[in-house]
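Structural features, examined
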Amino acid sequence: FSGVLAQDVLLALLELQEELAGTTAWAAGAGRNVSLQDVCYAPLNPTAPGVGDCAVSSVTQYFQNNRSRLALSAWQQDGKPQGTVDWHDHLIYCVNSPLSFKDITALELSCMAEYGGP
């Protein structure tokens, strides 16, 4: 993997997303500051969404927008060849099976987004 799918780029993307999610703007009509959760589509929690409930489409959602999950690696003993699996393997699996609740690697991570959808 290289270019936009390099780990440092994904980490920078996560940082940018977190910054944007925390942004507020004054809405004169509402008479208050509004934020992402005030305007986002939150299909699983529409009445009182938090930032994590917003359906944000991003490759980092395959890791539930979590740096720790992106940094994980594990020894894979099943199948051929044996070796270390990491975010590359999880991403490839999720692109092919985006509705999976657990990948088939030793990481056993979900492909579902932070908000609970695909």
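Under an unreviewed UniProt entry, the name given to the protein is NPCL1 protein, and the source organism is Agelaius phoeniceus.

Moving on: the overall build of the protein. Helix and strand content of the protein: four helices and four strands. Along the chain direction, N to C, the helices and strands of the protein fall in the order α-β-β-α-α-β-β-α. Projected onto its principal axes, the C-alpha positions of the protein cover 60 × 30 × 20 Å. For the protein, buried positions account for 31% of its 118 residues. The averaged location of the 12 negative side-chain charges in the protein is 5 Å from the averaged location of its 5 positive side-chain charges.

This part takes up the state of the cysteines. Scanning the model with the defined rule gives two disulfides in all. Numbered by order of appearance in the sequence, the disulfide-linked cysteines of the protein pair as 1-2, 3-4.

Among the structural elements, His-90 can be located in helix 4 (residues 87-96). Looking at His-90, the relative accessible area reads 0%, which means it is buried. A distance of 2.5 Å separates polar atoms of two side chains, one belonging to His-90 and the other to Asp-103. Those residues in contact with His-90 that lie beyond four places of it in its chain are Tyr-62, Phe-63, Asp-103, Leu-107, Leu-109, Ser-110 and Cys-111.

Once that is clear, we can look at the environment of His-88. Topologically, His-88 is positioned in helix 4. C-alpha separation for the pair His-88 and Phe-1, spaced 87 residues apart in sequence, amounts to 7.6 Å.

Our next topic: the pattern of salt bridges. Summed over all chains, the structure comprises two salt bridges. The partner of Arg-67 in a salt bridge is Glu-18, and the shortest N-O contact between them spans 2.8 Å. Remark: Glu-18 occurs in helix 1 (residues 7-21) and Arg-67 occurs in helix 3 (residues 67-71); sequence separation between them is 49 residues. As a salt-bridge pair, Asp-38 and Arg-32 come within 3.4 Å of each other at their nearest N and O atoms. Residue classification places Arg-32 among the partly exposed residues on the basis of a relative accessible area of 39%.

Next up on the list: the pairing of strand 2 (residues 32-35). As defined by bridge partners, strand 1 (residues 24-27) adjoins strand 2 across four bridges and the pair is classed as antiparallel. Among the inter-strand pairings, Trp-26 is bridged to a residue of strand 2, identified as Asn-33. Here strand 1 hands over to strand 2 after four residues, with Gly-31 in that stretch at a positive phi of 70°.

What counts, and where the lines are drawn
- Residues numbered from 1 in each chain as written.
- Predicted model: local features only at pLDDT ≥ 70, side-chain atom pairs only at ≥ 80, totals over all residues.
- Heavy atoms only, no water.
- Helix = DSSP H or I, 4+ residues; strand = E, 2+ residues; numbered from the N terminus.
- Buried < 20%, exposed > 50% of the residue type's maximum accessible area, 1.4 Å probe, protein only.
- Lys, Arg positive; Asp, Glu negative; His and termini not counted.
- Charge placed at Lys NZ, Arg CZ, Asp CG, Glu CD.
- Disulfide = S-S within 2.5 Å.
- Polar contact = N/O pair within 3.5 Å; in protein donor to acceptor, adjacent residues only side chain to side chain.
- Contact = heavy atoms within 4.5 Å.
- Salt bridge = Lys/Arg side-chain N within 4 Å of Asp/Glu carboxyl O.
- Pairing = 2+ DSSP bridges.

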